[in-house]
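Commentary on secondary and tertiary structure
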Amino acid sequence: MRMTIAKKLWLSFGILILVLGVSGSISYLQIQKLNQALREFLSVQEPLEEALLEMEVNIGETAISIFAFVRDGNRIHIENLHQFQEIFEAFLSNFNALATTASEKKFGRRTKLFFSKHQASSRQIITLADARNHEQKKFTQLADQMNIMIDQSLSSQVDESASNPSIKREAALFMKVSFHRIFSAIESYVIQQEPTLKTEISDAKGGFVKWKNIYAESGLSPSAKASLNQLGRQYVQTSAAGEEVVRITDRLRHEIEEFEKALLRIRRILNEDIQPLIRKDTEKTAQTAIHHGAVALSVTLGMAVFVLVAVGLTTWITTRGIIRSVRQLKEGSEAFGQGNLDHRIEPAADDELKDVAAAFNEMAEKRKTAERQVQASADKIKLFSYSISHDLKSPAIGIHGLAMLLQKQSEHLLDDKGKRTCSQIVKTSALIEELVTTINTYISSREAPLSLEMVPMDGVLEVIGDEVSERLRSAGIKWHQPEDLPNIRADRLSMIRVIRNLVDNALKYGGKGLSRIAIAHEENKTHHIFSVSDDGAGLKKEDLEGIFDAFKRKKSARGIQGTGLGLAIVKEIMARHGGEVWAEPGVDGGITFYLSVSKGL
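The shown structure was predicted, so the numbers you read here are calculated from the model rather than taken from an experiment. (Residues numbered from 1 in each chain as written. Predicted model: local features only at pLDDT ≥ 70, side-chain atom pairs only at ≥ 80, totals over all residues. Heavy atoms only, no water.)

In terms of helices and strands, the protein chain carries 13 helices and seven strands. Burial status across the protein chain gives 40% buried among its 601 residues. In the protein chain, the share of contacts with a sequence separation of at least 24, taken over all contacts with a separation of at least 6, comes to 75%. Only carbon and sulfur atoms are counted for the fraction: they give 55% of the accessible area of the protein chain, which is about 33100 Å². (Helix = DSSP H or I, 4+ residues; strand = E, 2+ residues; numbered from the N terminus. Buried < 20%, exposed > 50% of the residue type's maximum accessible area, 1.4 Å probe, protein only. Contact = heavy atoms within 4.5 Å. Areas by Shrake-Rupley, 256 points an atom, 1.4 Å probe, with all protein chains shown as cover.)

Within the open sheet, the five strands sit side by side as β2-β4-β5-β7-β6. Their pairing is mixed. Two strands lie at the open edges of the sheet, namely β2 (478-480) and β6 (581-585), each paired on one side alone. Adjacent strand axes in the sheet meet at a mean angle of 15° when their direction is disregarded. Helix α13 (residues 566-576) contacts β6 and β7 (591-598) of the sheet and is inclined by roughly 25° relative to β7. (Pairing = 2+ DSSP bridges. Axes fitted to C-alpha atoms, helices over the stretch in contact; angles between N-to-C directions.)

Our next topic: the packing of helix α12 (residues 492-509) against α13. Packed helices, taken two at a time, are described by the angle their axes make and the gap between the axes. Two elements in contact, α12 and α13, have axes whose closest approach is 10 Å; the angle formed by their N-to-C orientations is 145°. α12 and α13 meet at a crossing whose hand is left-handed. Side by side, α12 and α13 meet where Ser494, Met495, Arg497, Val498, Asn501, Leu502 and Asn505 of the first sit next to Gly566, Leu567, Ile569, Val570, Ile573 and Met574 of the second. In the contact of α12 with α13, the residues fall into eight nonpolar, four polar and one charged. (Left-handed = near helix turned anticlockwise from the far one by under 90°. Nonpolar A, V, L, I, M, F, W, Y, C, P; charged D, E, K, R; others polar.)

Per the stated rule, a full pass over the model turns up five aromatic pairs. The interplanar angle of 15° and the centroid separation of 4.2 Å between the aromatic rings of Phe208 and Tyr235 together place this pair among those described as stacked. Pair noted here: Phe208 is in helix α5 (residues 195-216) and Tyr235 is in helix α6 (residues 222-305), with a separation of 27 residues, a long-range link. This pair shows no difference in class: Phe208 is buried, exactly as Tyr235 is. Three or more aromatic residues joined by ring pairs form one cluster here, namely Phe179, Phe208 and Tyr235. (Phe/Tyr/Trp six-rings, centres within 6.5 Å; stacked < 30°, edge-to-face > 60°.)

Residues of the protein chain with pLDDT of at least 70 account for 71%, and the chain-wide mean is 76. Predicted confidence is poor over residues 2-9, with pLDDT under 50, and the contacts of this stretch with residues over four places away or in other chains come to four contacts. This model gives residues 555-562 a pLDDT under 50, and the stretch forms 13 contacts once residues within four places in sequence are excluded. (pLDDT = per-residue confidence, 0-100.)

Across five bridges, the pairing between β6 and β7 is antiparallel. If you follow Ala583 over to β7, its bridge partner there is Phe593. From the end of β6 to the start of β7, which pair antiparallel, there are five residues, and Gly589 there has a positive phi angle of about 105°.

With that settled, consider the pattern of salt bridges. Side-chain pairing between opposite charges can occur once the charged atoms of the two side chains come close. Inspection of the entire model under this criterion finds twelve salt bridges. The partner of Arg247 in a salt bridge is Glu244, with the nearest N and O atoms 2.5 Å apart. Of this pair, Arg247 and Glu244 both sit in helix α6, separated by three residues, roughly a single helical turn. Classification of Arg247 as partly exposed rests on a relative accessible area of 40%. By relative accessible area, Glu244 is classed as partly exposed at 25%. The shortest N-O distance in the salt bridge between Asp504 and Arg471 comes to 3.3 Å. Taken together, the residues Asp504 in helix α12 and Arg471 in helix α11 (residues 457-475) connect sequence positions 33 residues apart. (Salt bridge = Lys/Arg side-chain N within 4 Å of Asp/Glu carboxyl O.)

Written as structure tokens, this is what we have:
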């Protein structure tokens, strides 16, 4: 059979159609696989990520509700707690329904177990908080009755004509003082849970029993003995109520500590375990999409080379946008996995890949919103800490004032030991007031915004020099500073506070050998460096470790009033000025503190 030109043309055309058909079919199948993988990603990964973010937000809200209820006892916080727990449970169920991999299912089981324990712990904390409030109210009522009985039944029984009236009067007074010590120590323990308060309670109880026995042995009338016996029974009942308050407080503190540990564990799981898992699944989906797109491109180009350059060119133009979008998708997933939530994927093609890019962008925005919510929760916890510290200030001032009033009005009734005790109460309450004020300063140094301006350091030292001039003159201490100090960009009040703390430390701890305090300045390319040095008692190099940590005081500071927060405040302020603080012992004694302030503020 002759092969005509027409047949050859038709055969060539048929081969062309066949090759194009096969190439198109293969490319179509690969693109369908790509679309299927992307649809699966949109239908599973996005809700999975959303459930995860919502769980992280709601677990923080449950913690805030519980801590708020423990603080003020308002039942509205319990309603909020139940609401957040219901939301958390709903998103956990949604997550478990969407989980497909073994790791995701394992995380779902672990989180479900945590949530069960979280609910039980929440109920236990609420129960203990209610019980503590109830017992504390009961204890307060019994204590009020006890005070009335002491005032009416004991003090009124002191008969000047009876034997030993002064002993009776003294015993009655010290019974009242001892009982007030018991009451104050128990009330303080509910707030602070300091172990020393238990010792104070025990000592006060011993004092009460001692003075009660002295009173009983001072010669009582039958009616006075009956009143004393009734007082003893009331004391036993009140003491038992106080012990119950302390016991419940200890249990509540233990439960809260365990609750906080569980919160840390679940947050670590959320941030260190499941987030990398979600990122890995996202990258796997992107790799699959790249693979299918590459296969489609290779097959199409390989067959089109033998048929028509134009077909190959058209196929290349068609698939180029797909590959570019897929690469953008992969790069976006990597950026998202590395925490760059401001990155946005913007493919040029208007197809399914654009929907995937929009989903990625929406997830990034949701994650930013969730992080802001988590930060807001952290800010609420900080505000809670500041509120507690601030609320302690008024009681501390009240205790100090009452103690001074007691010393002034009742000093003539006390013996030398009582006067010393009363004086110690005044000193201790003043220290409590100073500690609360310093804690507020410490929190402020961490959180308050800096007011940056050009600060003349000559003026800063002039303020501090005026403050300590009288102390320097009376102690014969010399003050040295450079003639020309620079103007630096910093917060003026913070710089005054820092140098004032260091100069005050030198005066406090320098000892009798202190004769000189010197200020110096130097600078490098990035920082101004100031130093405060003295020739006093100083510290050894091995004693310098940890001196900038909060509430760390060295043995050499014993007997000198202080809060242990001064150097911690200095450290926080320097960190916020882009610098640091350190100390070095002097060659011939004394110590030098160095402060660095960034020039880039």
